[in-house]
Amino acid sequence: MSERHRISRRGFIVGSAAAAGGLALGFHVPFAAAQTASSTTSEGAEVNVWVLIQPNDDVVIRIARSEMGQGTLTGLAQLVAEELECDWSKVKTEYPTPGQNLARKRVWGDMSTGGSRGIRQSQEYVRKGGAAARMMLIQAAANAWSVPASECVVEKGVITHKPSGRTTTYGKVAAAAAQLEPPAEVPLKDPKDWKIAGKPMKRLDTAEKLNGKLVYAIDVKLPGMLNAAIKDCPHFGGKLKSYDEAAIKNMPGVRHVLKIGETGVAVVADTWWQAKTALDALPIEWDEGPNADVSSETIAELLKEGLDSNEGVFVGNQAGDVKAALEKAAKKVEAVYGTPFLNHACMEPMNCTAKWTPDRCEVWVASQNGEASLAACSEAAGLPPEKCEVYKHHLGGGFGRRGFQDYVTKAVLAAKQIPGVPIKMIWSREEDMLHGRFRPITQAKLVGALDENGDLTGLHFRISGQSILAAVRPAGMQDGMDPLHFQGLHASADSPFGQFGYTIPNLLIDHAMRNTHVPPGFWRGVNHNQNAIYLECFMDELAHAAGKDPLEFRRKLMGNHPKHLAVLNAAAEKAGWGTPPPEGVYRGICQHMGFGSYCAAVAEVSLKPDGKIKVNRLVIAVDCGIAVNPDQIAAQVEGSVVYGLGAAFFQENTVEKGRMVQENFDTFESLLIEHMPKVETVLVPSGGFWGGIGEPTIAVAAPAVLNAIFAATGKRIRTLPLKHHGLV
Amino acid sequence: MAKLNVNGRQFDVDVDPETPLLWVLREQIGLTGTKYGCGIAQCGACTVHVNGEAQRSCALPISALEETDEIVTIEGLSPDSSHPVQRAWLELDVPQCGYCQSGQIMAAAALLASTPEPTDEDIDAAMTNICRCGTYQRIRAAIHLAADYANKNAG
């Protein structure tokens with residue numbers, strides 16, 4: 001392996017893990033000058049790497065991040081188009097490939113898409129790309145007319161020389177503009193002057209999602225392609241022992257039976273249905289490995305031990321002397337909570353098409369991190385990344401799952417055994433469910449001290465459970481502590497992991513790290529989800545124990561956190577908190593901050609005649625600083641409710657014999673339209689910062705509902721999912 | 001050799017008769033708009049129309065189909081995305097990742113064909129397709145909007 005190969009791979013690995021975890025990367029990517037050869041697929045003049053203009057005035061905007069439904073493609077295009085002053089109706093988009101990014105020294109910057117960072121961490125350089133292109137296009141027109149550029153203006157891609165009234169278009173001057181030096185200074189607009197960004201523009205990717213034309217990775221078809229189905233050892237840590245190829249080799253369409261690494265076996269056939277049918281018939285013996293005795297029960301014991309332990313405990317936030325405060329308390333409140341492992345369950349199961357030759361390896365894939373896909377492809381192919389390429393497709397769901405590249409690796413390992421033949425490997429839903437990167441399992445013990453006035457004087461919040469970073473990115477640990485585990489609980493406003501919104505004089509938030517053998521991953525909203533449930537439900541418990549209104553109880557602790565408080569007030573006001581709800585309707589409230597955005601929710605629930613709950617309404621307020629597309633922000637808020645409540649209502653992945661039990665949507669149920677509350681998004685962008693939007697509001701959906709359930713039933717739900725409590 | 005009528009065209013397909021319609025559509029006929037999500041008729045991503053009724057094609061072996069059965073997939077719902085459901089979906093920007101939307105649209109179109117002015121309860125009962133992105137609020141609104149479009153055209 002060459003030195004360059006090693007270095008670039010390490011860079012990719014850091015980038016990939018950081019991306020999925022929501023970590024800020026320290027590099028800055030300037031908008032880059034045009035290069036002679038246009039390396040992407042569209043024809044036209046590349047004014048700079050972000051903007052390509054075609055002779056018919058169509059504008060192709062390059063999108064480095066991945067579109068998985070969250071709307072980042074449209075939002076990023078809006079930001080470029082805003083500065084470019086082009087005609088929005090003529091905007092198209094394309095993905096530069098990870099191989100092109102490598103060849104051009106990462107001119108498109110970070111391609112990873114996770115941690116709600118797509119817009120907020122590339123907004124500056126993509127806007128500068130649009131603005132620089134505009135300046136160069138105007139300069140090209142001015143040069144052609146031999147007039148000063150300062151006498152020219154542009155609107156919707158039409159450049160006018162004001163004194164003479166002459167006009168031209170971007171399409172006519174783009175080739176000349178592409179030859180100019182980029183400007184040294186590129187001022188950006190004040191968001192208050194925006195005309196395209198900040199507006200509820202329609203998504204650019206909707207039309208092909210309505211007629212079956214969009215080609216997802218699972219739809220890829222290449223000449224001579226064969227199809228593969230795979231089974232990997234379901235017992236995490238186990239291996240493939242043996243399989244009986246003779247039993248299936250004469251089944252229709254079967255071409256190859258392949259060992260995939262030490263753990264998996266794949267059947268390759270003419271069609272995927274034939275491959276899957278044969279694989280299901282293949283006798284396989286697994287070596288269950290060292291974890292065959294692990295079950296949900298043993299994991300629960302491990303976590304329970306951590307609730308009171310002094311071993312392997314890391315402090316995330318602390319003030320005063322919580323022990324003394326608890327000793328002096330007029331009233332002590334204590335509760336233990338727990339949440340399960342969760343699979344992402346993307347609608348499009350994991351899949352990847354790979355073609356390997358001794359000189360080159362290409363993959364067609366839906367990935368949240370194209371550069372990590374390139375690195376995985378390179379490693380599995382045994383070829384340097386310069387000899388590999390990744391063709392990105394829109395994702396049929398990501399939610400953090402597709403930041404991991406195991407499905408790329410396995411496809412390449414299969415393709416490498418059949419040189420020159422493209423292999424499309426699709427995981428069955430069962431394979432997808434068994435081989436997730438699961439939201440980690442945790443329990444929490446919270447103990448609060450109330451004084452004689454019912455004010456909160458101390459809080460000990462102990463989390464016990466699995467660290468994601470310890471398994472996935474040890475380099476992100478800080479002296480053994482996983483800072484990501486304390487999402488939304490950090491003292492500092494500058495923390496990339498979310499600031500705790502209360503001032504409590506005596507506070508201890510700590511984590512007893514109890515890692516299991518189950519592979520953990522970043523699940524939309526990550527650790528904010530369970531942290532918010534534990535904290536915000538317990539705040540509700542404390543308020544009731546103090547005999548106080550849950551909103552007033554919180555407000556008293558939030559004087560030093562005006563942004564947290566403002567969204568809480570916005571949600572409360574919109575929902576009519578403090579006014580009597582309709583008869584039979586009960587309310588719950590909560591707030592949480594994450595991914596750079598402040599969120600709060602009020603839920604309204606009622607009880608059905610059979611005693612089950614109905615969530616009627618969720619009012620969710622969010623301050624993401626600067627809002628790029630209000631309609632898509634609302635869409636993300638609506639979607640986050642489904643993801644958060646689906647988990648709270650129904651979902652868990654339980655462990656037996658070291659493997660997951662649930663294999664499909666019959667036992668891993670999702671929220672359906674019949675469960676969908678009316679969601680009202682209250683967008684209160686206060687300006688001056690860029691917060692994320694794909695994930696943060698998930699954290700407030702479940703606690704608001706759980707607190708409303710308490711109001712309705714007097715029942716405090718401390719373990720999820722709700723289906724085990726007879727409520728859904 | 002089985003004969004299938006898909007989107008108004010006849011296809012002769014040479015496959016194991018137990019092959020689910022979904023995989024015949026995707027792998028033999030080349031219509032990939034109909035999606036695989038679960039394989040056990042739970043999620044609805046594979047929803048197509050058979051004689052006007054919404055059916056989950058992943059659990060429907062072609063041996064259960066007659067040559068005369070009229071199968072319509074998302075590609076055949078309209079020639080130009082002009083079906084009221086597609087127009088309403090566009091107007092309200094319903095899809096996020098879009099993967100389940102072929103099935104959602106086919107289920108909604110079948111609902112409107114049998115119930116031109118569905119109530120919310122009708123929608124809850126008929127629309128059991130899973131969307132993991134969580135587009136349900138817009139799906140509901142878009143079904144009502146599509147009903148308006150269709151009824152205006154009819155009037």
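In this text, all values refer to a predicted model and were calculated from it rather than measured experimentally.

S.K.: What is the right way to look at the overall build of chain B in this model?
M.R.: The secondary structure content of chain B amounts to five helices and five strands. When the helices and strands of chain B are read in sequence order from the N terminus, they spell out β-β-α-β-β-β-α-α-α-α. Taking 155 residues into account, the globule formula puts the C-alpha radius of gyration at 15 Å, and chain B, at 15 Å, falls close to it. For chain B, the spread of C-alpha atoms along the three principal axes comes to 45 × 35 × 25 Å. Among the 155 residues that make up chain B, the fraction classed as buried is 57%.

S.K.: What is the right way to look at the sheet that holds strand S1 (residues 2-6) of chain B in this model?
M.R.: Across a sheet, strands are paired by hydrogen bonds formed along the backbone, either parallel or antiparallel in direction. Residue and element names in this part refer to chain B. Strand order in the open sheet formed by five strands is S2-S1-S5-S3-S4, and the pairing between neighbours is mixed. Here the strands that pair on one side only, and so sit at the sheet edges, are strand S2 (9-13) and strand S4 (53-56). Neighbour-to-neighbour, the strand axes of the sheet open up by a mean angle of 40°, direction not taken into account. Pairing of strand S3 (residues 47-50) with S4, which is carried by four bridges, proceeds in the antiparallel orientation. Each bridged residue has a counterpart across the sheet, and for valine 48 the counterpart in S4 is glutamine 55.

S.K.: Hey, could you run me through helix H2 (residues 84-91) of chain B in this one?
M.R.: Listing the buried residues of H2 of chain B in full gives Pro84, Val85, Gln86, Ala88 and Trp89 of chain B. Downstream of H2 of chain B by one or two residues, aspartate 93 of chain B has phi in the positive range, about 50°.

S.K.: Can you walk me through helix H15 (residues 562-575) of chain A in this structure?
M.R.: Along an α-helix, residues three or four positions apart point the same way, because every turn accommodates 3.6 residues. All names here are of chain A. With 14 residues, H15 ought to run about 20 Å at 1.5 Å a step, and its terminal C-alpha atoms sit 20 Å apart, in line with that. Among the residues of H15, those classed as buried are Lys563, His564, Val567, Leu568, Ala570, Ala571, Ala572 and Ala575. Considering only its buried residues, H15 is in contact with helix H14 (550-555), strand S22 (585-594), strand S23 (597-607), strand S24 (613-623) and strand S27 (678-683). Two residues or fewer after H15 comes glycine 576, characterised by a positive phi angle close to 80°.

S.K.: Looking at this model, I keep getting lost on the domain arrangement of chain B. Mind explaining?
M.R.: Frequently, the measure chosen for interface size is the accessible area removed from exposure when the parts meet. All names here are of chain B. If you check the domain split of chain B, you get domain 1 (2-76) and domain 2 (84-154). The centre of domain 1, based on its C-alpha atoms, is set 21 Å off from the matching centre of domain 2. Of all elements in the fold, only S3 and S4 reach the threshold of two or more residues within the side of domain 1 that touches domain 2. Element by element, the count of residues in the side of domain 1 that touches domain 2 is highest for S3, at three residues. Residues of the side of domain 1 that touches domain 2, tallied by class, amount to six nonpolar, seven polar and two charged.

S.K.: How should the domain arrangement of chain A be read in this particular structure?
M.R.: All names here are of chain A. Entries for chain A in the domain assignment read domain 1 (31-209), domain 2 (217-289 + 350-426) and domain 3 (296-342 + 438-725). Averaged C-alpha coordinates put domain 2 and domain 3 at centres separated by 38 Å. Split by residue class, the side of domain 2 that touches domain 3 holds four nonpolar, five polar and two charged.

S.K.: Looking at this model, I keep getting lost on the sheet that holds strand S5 (residues 152-155) of chain A. Mind explaining?
M.R.: Residues and elements named next belong to chain A. The strand order across the open sheet built from three strands is S5-S6-S7, with neighbouring strands paired in antiparallel fashion. Looking along the sheet, the strands with just one partner apiece sit at the ends: S5 and strand S7 (166-169). Taking each pair of neighbouring strands and ignoring which way they run, the sheet shows an average axis angle of 25°. Relative to S7, strand S6 (residues 158-161) is paired through four bridges, and the arrangement is antiparallel.

Quick notes on the rules
- Residues numbered from 1 in each chain as written.
- Chains lettered and ligands numbered in written order.
- Predicted model: local features only at pLDDT ≥ 70, side-chain atom pairs only at ≥ 80, totals over all residues.
- Helix = DSSP H or I, 4+ residues; strand = E, 2+ residues; numbered from the N terminus.
- Rg over C-alpha atoms; globule rule 2.2 N^0.38 Å.
- Buried ≥ 20, exposed ≤ 12 C-beta atoms within 10 Å, placed from the backbone.
- Pairing = 2+ DSSP bridges.
- Axes fitted to C-alpha atoms, helices over the stretch in contact; angles between N-to-C directions.
- Expected span 1.5 Å × (residues − 1).
- Contact = placed C-beta atoms within 7 Å.
- Domains from an automatic or database assignment.
- Nonpolar A, V, L, I, M, F, W, Y, C, P; charged D, E, K, R; others polar.

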